[in-house]
Amino acid sequence: MLFADDTEATLKASVDLVNSAEEPDTLTAIAELDAWYEHHGYTGRRDGDAAELEALRALRPVLRELLTAERDDAAELVNALLAEAEAVPQLKRHDGLDWHIHAVPPDAPLERRVMAEAAMAMIDLIRLDELSRLSVCADERCNGLVLDLSRNRSRRYCSTACANRNAVAAYRARRASGGADRGR
Ligand SMILES: [Zn+2]
Ligand SMILES: [Zn+2]
């Protein structure tokens with residue numbers, strides 16, 4: 001474990017949320033927001049309406065800016081987002097989860113909690129100078145974010161789809177150059 005459990009969980013959820021904006025957009029229906037919420041083990045208020053979906057969609061470029069910012073800019077953004085979310089960090093223990101931070105109350109709108117949690121997670125990355133854990137996918141045509149929590153920092157692609165596509169392309173390139181050699 002590199003960071004605290006809640007920090008890692010928040011980073012994963014935030015990256016997934018940002019990446020849902022990649023074409024084809026995978027956050028266009030309330031059911032898709034339900035799935036994201038469930039998958040990442042969120043608790044607390046869910047409105048389940050169109051306004052909430054729209055608020056989460058609108059949060060994606062904000063989180064993208066935060067997660068891709070240079071360290072000094074990220075620090076400024078964290079401060080601004082925490083102020084905007086009126087964050088008052090509190091340690092909580094509930095639903096079998098050990099002590100972790102709630103930056104805003106569980107009855108606050110989901111977008112406000114997601115924003116505040118992302119900012120709190122970035123505090124850890126900034127303080128530990130670990131922003132290199134976040135990058136943009138190495139696939140030329142993909143702008144997906146990559147969260148690399150691996151010990152050897154080996155992750156370069158946002159998804160197995162991108163990793164596989166590039167592995168196939170690299171294989172074909174090797175084959176093609178091998179063929180040219182034989183032709184000489
Ligand atoms: Zn909690
Ligand atoms: Zn990708």
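In what follows, the structure referred to is the one given above.
Scope of this entry: the structure provided in the associated data block. In this text the structure is predicted, and so the values were computed from the model without any measurement.

Focus on the coordination of the zinc ion (ligand 1)
For the zinc ion (ligand 1), the full set of protein donor atoms is His94 (NE2), His100 (NE2) and His102 (NE2), and the range of their distances to it is 2.0 to 2.1 Å. Each donor residue of the zinc ion (ligand 1) belongs to the same chain, with the gaps between them written as H-x5-H-x1-H.

With respect to the packing of helix H1 (residues 5–19) against helix H3 (residues 50–68)
Contact geometry for H1 and H3: axes closest at 8 Å, N-to-C directions at 115 degrees. Considering the angle they form, H1 stands roughly perpendicular to H3. Remark: the crossing between H1 and H3 carries left-handed chirality. Along the contact surface, H1 presents Ser14, Val15, Leu17 and Val18, while H3 presents Leu56, Leu59, Arg60, Leu63, Arg64 and Leu67. Across the contact of H1 with H3, the residue classes tally to 7 nonpolar, 1 polar and 2 charged.

With respect to the pairing of strand S2 (residues 97–102)
Two strands pair when backbone bridges link them, and strand S1 (residues 90–94) and S2 are joined in this way by 4 bridges, in the antiparallel orientation. Within S2, the position partnered with glutamine 90 by the bridge is histidine 102. Where S1 hands over to S2, the hairpin turn is made up of 2 residues, of which aspartate 95 adopts a positive phi near 45 degrees.

Side note on the coordination of the zinc ion (ligand 2)
Distances from the zinc ion (ligand 2) to its protein donors, Cys137 (SG), Cys142 (SG), Cys158 (SG) and Cys162 (SG), fall at 2.3 to 2.4 Å. One way to put it: the 4 donor atoms around the zinc ion (ligand 2) meet at angles of 101 to 117 degrees, and that makes the site tetrahedral. Read in sequence order, the donor residues for the zinc ion (ligand 2) give the motif C-x4-C-x15-C-x3-C. Separated by 25 residues along the polypeptide, cysteine 137 in the loop between strand S3 (134–136) and strand S4 (145–147) and cysteine 162 in helix H6 (residues 160–183) bring together distant segments of the chain. Cysteine 162 carries the same exposure label as cysteine 137, and that label is buried.

Rules used in this analysis
- Residues numbered from 1 in each chain as written.
- Chains lettered and ligands numbered in written order.
- Predicted model: local features only at pLDDT ≥ 70, side-chain atom pairs only at ≥ 80, totals over all residues.
- Heavy atoms only, no water.
- Donors = N, O, S within 2.8 Å, 3.2 Å for Na, K, Ca; no water.
- Axes fitted to C-alpha atoms, helices over the stretch in contact; angles between N-to-C directions.
- Helix = DSSP H or I, 4+ residues; strand = E, 2+ residues; numbered from the N terminus.
- Parallel < 35°, antiparallel > 145°, perpendicular 65-115°, else oblique.
- Left-handed = near helix turned anticlockwise from the far one by under 90°.
- Contact = heavy atoms within 4.5 Å.
- Nonpolar A, V, L, I, M, F, W, Y, C, P; charged D, E, K, R; others polar.
- Pairing = 2+ DSSP bridges.
- Tetrahedral: all angles 85-135°; square planar, octahedral: opposite > 155°, others 65-115°.
- Buried < 20%, exposed > 50% of the residue type's maximum accessible area, 1.4 Å probe, protein only.

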